Amino acid sequence: MKNLVIVESPAKAKTIEGFLGKDFSVVSCYGHIRDLEKKNSGIDINNNFNPSYKVSEEKKQVVKELKKLVKNADVIWLATDEDREGEAISWHLKDELKIENEKLKRIIFNEITKKAILNAIENPRDIDDNLVYAQQARRILDRLVGFELSPILWRKVKPQLSAGRVQSVAVRLIVEREREIDKFTPESYYRLTGDFIAVDNDGKELAVKAELSKRFPTFDEAERFLEKCKKASFSVLDLEKKAATKSPSPPFTTSTLQQEASRKLGFSVARTMLIAQKLYESGKITYMRTDSLSLSDDALGNSKQAIINSYGKKYSHQRKYKTKSATAQEAHEAIRPTYFENASIDGSRDEQVLYELIWKRAIASQMSDAEIERTTVKIKISNTDELFTAKGEVIKFDGFLKVYLESSDDENGNGDDSGILPPLKTGQILNPKQISAVERFTRPLARYTEASLVKKLEELGIGRPSTYAPTISTIQKRGYITKEDRSGREREYNVLILDNSKKITPLVKSEITGADKSKLFPADIAMLVNDFLIENFPEILDYKFTANVEEELDEIAQGKIDWHKMLHNFYEPFHDKVEHTIENSERVSGERILGIDPDTKKQVSVRMARFGAVAQLTDVNDPEGKPQYAGLRNGQKLESITLEEALNLFKLPRNVGDFEGNEVSAAIGRFGPYVKHDGKFYSLGKDYDPHTVSLEEAVMVIETKRLKDAEKYIKSFDEDPEIQILNGRWGPYIKYGKQNIRIPKDTDPKTLTLDEVKELIKKSPKKRGKK
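Residues numbered from 1 in each chain as written. Predicted model: local features only at pLDDT ≥ 70, side-chain atom pairs only at ≥ 80, totals over all residues. Heavy atoms only, no water.

### A few points about the packing of helix 8 (residues 254-265) against helix 9 (residues 269-281)
Move 1: Where helix 8 contacts helix 9, the two axes come as close as 9 Å, and the packing angle between them is 115°. As for the relative orientation of helix 8 and helix 9, their crossing is right-handed in sense. Facing Thr 254, Leu 257, Gln 258 and Ala 261 of helix 8, the residues of helix 9 in contact are Val 269, Thr 272, Met 273 and Ala 276. (Axes fitted to C-alpha atoms, helices over the stretch in contact; angles between N-to-C directions. Helix = DSSP H or I, 4+ residues; strand = E, 2+ residues; numbered from the N terminus. Left-handed = near helix turned anticlockwise from the far one by under 90°. Contact = heavy atoms within 4.5 Å.)

### Considerations on unusual backbone geometry
Move 1: Following Leu 652, the chain continues to Pro 653 via a peptide bond in cis, the omega torsion being -5°.
Move 2: Topologically, Pro 653 is positioned in the loop between helix 17 (643-648) and strand 23 (654-659).
Move 3: The phi angle at Lys 502 is positive, at roughly 70°, despite the residue not being glycine.
Move 4: Topologically, Lys 502 is positioned in the loop between strand 16 (489-499) and strand 17 (504-513).
Move 5: When its relative accessible area of 38% is taken as the criterion, Lys 502 is described as partly exposed.
Move 6: For Ser 518, which is not a glycine, the phi torsion comes out positive at approximately 50°. (Buried < 20%, exposed > 50% of the residue type's maximum accessible area, 1.4 Å probe, protein only.)

### Remarks on the pairing of strand 9 (residues 188-199)
On a regular strand, each side chain points to the face opposite its neighbour's, so the side chains alternate between the two faces of the sheet.
Move 1: Of all 12 residues in strand 9, 9 are buried; the element is thus mostly enclosed.
Move 2: The pairing of strand 9 with strand 14 (residues 429-441) spans 10 bridges and is classified as antiparallel. Each bridged residue has a counterpart across the sheet, and for Arg 191 the counterpart in strand 14 is Val 438.
Move 3: With 7 bridges joining them, strand 9 and strand 10 (residues 205-212) adopt antiparallel strand pairing. Bridge pairing in strand 10 places Asp 195 opposite Lys 209.
Move 4: The antiparallel pairing of strand 9 with strand 10 creates a hairpin that spans 5 residues between the two strands, and Gly 203 there sits at a positive phi of about 85°. (Pairing = 2+ DSSP bridges.)

### Examining the packing of aromatic side chains
Move 1: For the coordinates displayed, the defined rule picks out 17 aromatic pairs.
Move 2: Ring geometry for Phe 24 versus Trp 77: centroids 6.1 Å apart, planes at 50°, classification tilted. With a gap of 53 residues between them, Phe 24 in strand 2 (residues 24-28) and Trp 77 in strand 7 (residues 75-78) connect regions that are remote in the sequence. Note on accessibility: Phe 24 and Trp 77 belong to one class, buried.
Move 3: Taking the centre distance of 4.8 Å and the plane angle of 45° together, the rings of Tyr 315 and Phe 397 count as tilted. Of this pair, Tyr 315 sits in the loop between helix 10 (297-311) and helix 11 (349-364) while Phe 397 is found in strand 13 (residues 387-397), placing the two residues 82 residues apart along the sequence.
Move 4: The buried category is assigned to Phe 397, whose relative accessible area is 8%.
Move 5: Put simply, the rings of Phe 49, Phe 537, Phe 545, Phe 570, Tyr 571 and Phe 574 touch in pairs and so form one group of aromatic residues. (Phe/Tyr/Trp six-rings, centres within 6.5 Å; stacked < 30°, edge-to-face > 60°.)

### With respect to helix 13 (residues 468-477)
Move 1: When helix 13 is considered as a whole, its buried residues turn out to be Tyr 468, Ala 469, Thr 471, Ile 472, Thr 474 and Ile 475.
Move 2: Looking at the buried residues of helix 13, the elements they touch are helix 6 (165-183), helix 8, helix 9, helix 12 (450-460) and strand 15 (481-486).
Move 3: Of the residues one or two after helix 13, Gly 479 is the one with positive phi, at around 85°.

### A look at the nonpolar core
Move 1: With 127 residues, the main nonpolar core has Phe 109, Leu 153, Ile 285, Leu 354, Leu 453, Tyr 480 and Phe 574 as its most contacted residues.
Move 2: Take this core: its biggest share by element is 10 residues, from helix 5 (residues 129-156).
Move 3: Setting aside residues no more than four positions away along its own chain, Phe 109 makes contact with Lys 12, Ile 16, Ala 79, Glu 82, Ala 116, Ile 117, Ala 120 and Tyr 280.
Move 4: Within the second largest apolar cluster, 29 residues are counted, among which are Ala 222, Leu 226, Val 377 and Ala 437. (Core = buried A, V, L, I, M, F, W, Y, C linked by side-chain atoms within 4.5 Å.)

### Focus on the sheet that holds strand 30 (residues 739-742)
Move 1: If you trace the 4 strands from one edge of the open sheet to the other, you get 27-28-29-30, paired in antiparallel fashion. Two strands in the sheet have a free side with no partner beyond their single neighbour: strand 27 (713-716) and strand 30. Between one strand axis and the next, the sheet turns by 25° as a mean value, whatever way the strands run.
Move 2: Relative to strand 29 (residues 731-736), strand 28 (residues 723-728) runs antiparallel, the two sharing 6 bridges. By the bridge assignment for strand 29, Ile 725 is matched with Ile 734.
Move 3: Strands strand 27, strand 28 and strand 29 of the sheet are contacted by helix 18 (residues 695-712), whose axis makes an angle of about 60° with strand 27.

### Structural notes on the sheet that holds strand 19 (residues 592-596)
Move 1: Spatially, 4 strands are ordered 19-20-21-22 in an open sheet, and the strand pairing comes out antiparallel. Edge positions in the open sheet fall to strand 19 and strand 22 (628-631), since each of these has one partner strand only. Direction aside, the axes of adjacent strands within the sheet are offset by 25° on average.
Move 2: Pairing between strand 21 (residues 612-618) and strand 22: 4 bridges, direction antiparallel. Note that in strand 22 the partner of Gln 616 across the bridge is Tyr 629.

### Remarks on helix 2 (residues 60-71)
The α-helix advances 3.6 residues per turn, and as a result positions three or four apart in sequence lie on the same side.
Move 1: Taking 1.5 Å as the rise per residue, helix 2 with 12 residues should run 16 Å; its terminal C-alpha atoms sit 17 Å apart, in good agreement.
Move 2: Among all positions of helix 2, only Val 62, Val 63, Leu 66 and Val 70 are buried. The buried residues of helix 2 occupy one face: seen down the axis, they fall within an arc of 95°.
Move 3: Those residues of helix 2 that are buried lie in contact with strand 1 (3-7), strand 2, strand 6 (53-55), strand 7 and helix 3 (84-96). (Expected span 1.5 Å × (residues − 1). Arc of directions from axis to C-beta.)

### Re the pairing of strand 2
Move 1: Across the 5 residues that make up strand 2, a large majority, 4, are buried.
Move 2: Relative to strand 2, strand 1 is paired through 5 bridges, and the arrangement is parallel. If you follow Val 5 over to strand 2, its bridge partner there is Val 26.
Move 3: One crossover worth recording links strand 1 to the parallel strand 2 by way of helix 1 (residues 10-17), and it is right-handed. (Right-handed = clockwise from strand over helix to strand, strands pointing away.)

### As for the environment of Val 620
Move 1: Position of Val 620 among the secondary structure elements: in the loop between strand 21 and strand 22.
Move 2: Given the relative accessible area of 52%, Val 620 is considered exposed.

Remember that the coordinates give geometry; whether it matters functionally is a separate question.
What follows is the structure in structure tokens.
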């Protein structure tokens, strides 16, 4: 074999192989082949932070095959991704496979096209040690923080907790936002809008909708203003028209793609990156981990031609965007389609819609500004100085809007009511059809979505394109943060309507407030851990400090600072703080004493227990007495739960009703909420609350589980009831005690005899217990 090309994934290998001749063989290493070993954190701190790497168990066979291929190849081309992670993978391959320098060629490209691959082959380089050092420093830093902080959390807060350098800062953002929302007290005000009728020269009625620029803080003030309007006349005081332009957004970076895919497609950050990876590896888009806004000269020329062909020369306007970040280092281009002439692609539905989003954003960035005419009409009220204002907007030339308009995260705006205004003239009389005063309320900042959290992290300089998705996934997997929908609550508000008969009608209406969709909520444990870390490790959770660490990693990648020195500067004061905290900090549980139960006279408190937040009833006069416990409900917090709410938790288990002659009860156990019927337990999951679940809902849960169990059952044996043949997620299997034994694919499970089953059990390897 003359040439061996090694990439990270089979999909990438397959695409590249199609562009190279028979002299090239392209294989995959399936990502990182090794990592820091677990023993002693894998870092020799006293030996200048020397890392010890180990091939993971699942990669040993891959490495074995690669070593054979490397031995028989004349030239080894390492074609891993062009960012720090990709460079590190190449370095590990060289080191582990013992590739000689004279046989090694490192190639990079930011799109998988024939032209890009052949150009890379023509321009190989050496492995960039500085990029490797930057990746290695980040990995060592994160390992040290995790290995030293996590055991402290086990001892001082709760077992099996973990902490991470960037993850803990992300959790802090969410915790602080939640507390801002909890402390926020909404204030009401009255917003006035008017529906007016203008009559043109032909006697045709024209509708004009306007809003009073002033807000009234009270019901009485709003009512007094409407009383004035009863006797007032209304006319056009001023009419202003202004030409304006709207420019397109630049092409996507990693963070803006994650944000826009969340807003427009409802994708999680992890889902967006998974699909983008597939699009890149199949040669449809450029590299998807980037903080650059620039486009190559080829891309600029190809996009221009595509715009002229599809929309005409007037719609083409070439732009060269400058990257805001001085440390943009992950790749050399923004995310764009590899072939601008392809507005759509074949593939899964997810791949199609994400590709379309990327294509539209990139193509729109090279299109003309939209030309808009904005009209503002000020409406005079004869008996007051206040003015109504009507705004209208007309698109004179759509430009890039023909293709794309960016979405927004803003939830607290009143919306843009700009439409098309009818032709009006100064002094023209307007007749009020209806003037309304509607009570509105101030709102706190919105909870973070995954998209808005990425935006905030980027603004603070925390993390880099390759870290946003793993950070957000990790804090959810570890139970610190949940992403969920919450239904909100009903709230009444006042409305005053002045109609054209000069009558003011007061109304009371209702609305749902506080509803959230796919928002990030901190768990109680997140708040406890956050407070503990801020008190004991303020630097680790400091936004500026974390951003400075990122900048130092960037400087390592640029060869400006030594990675050993950076780690020494970080670790020594950090380790001293760890030692001090172990010796001097108190254990925290978030305990709050809420009061006394009026019925039992026992003390009511809440705290963090081993399996989560609980309420506790304690007889303080009986030290030997056993306390009663009840888990907190979804949405309840240790910090804010009231005495009455805590006492309600002890009403479980509750009798839901009778079914098939047996009682159905609801309760919360170690593994969550459940209903119990005829001695059997049925999980309620997150769908139902044991405090409110109805008999009808409970019966549905019971019957659904019975049906599922019936579908799972295939066969059992009277001679040995401990043996069952069941349907599982991965196909039929034998259940024998605590053992699950796979059934060969060519075997019909229904025809198996007891002897045949026992033979399969006998041949099955016994699982080794945990050490």
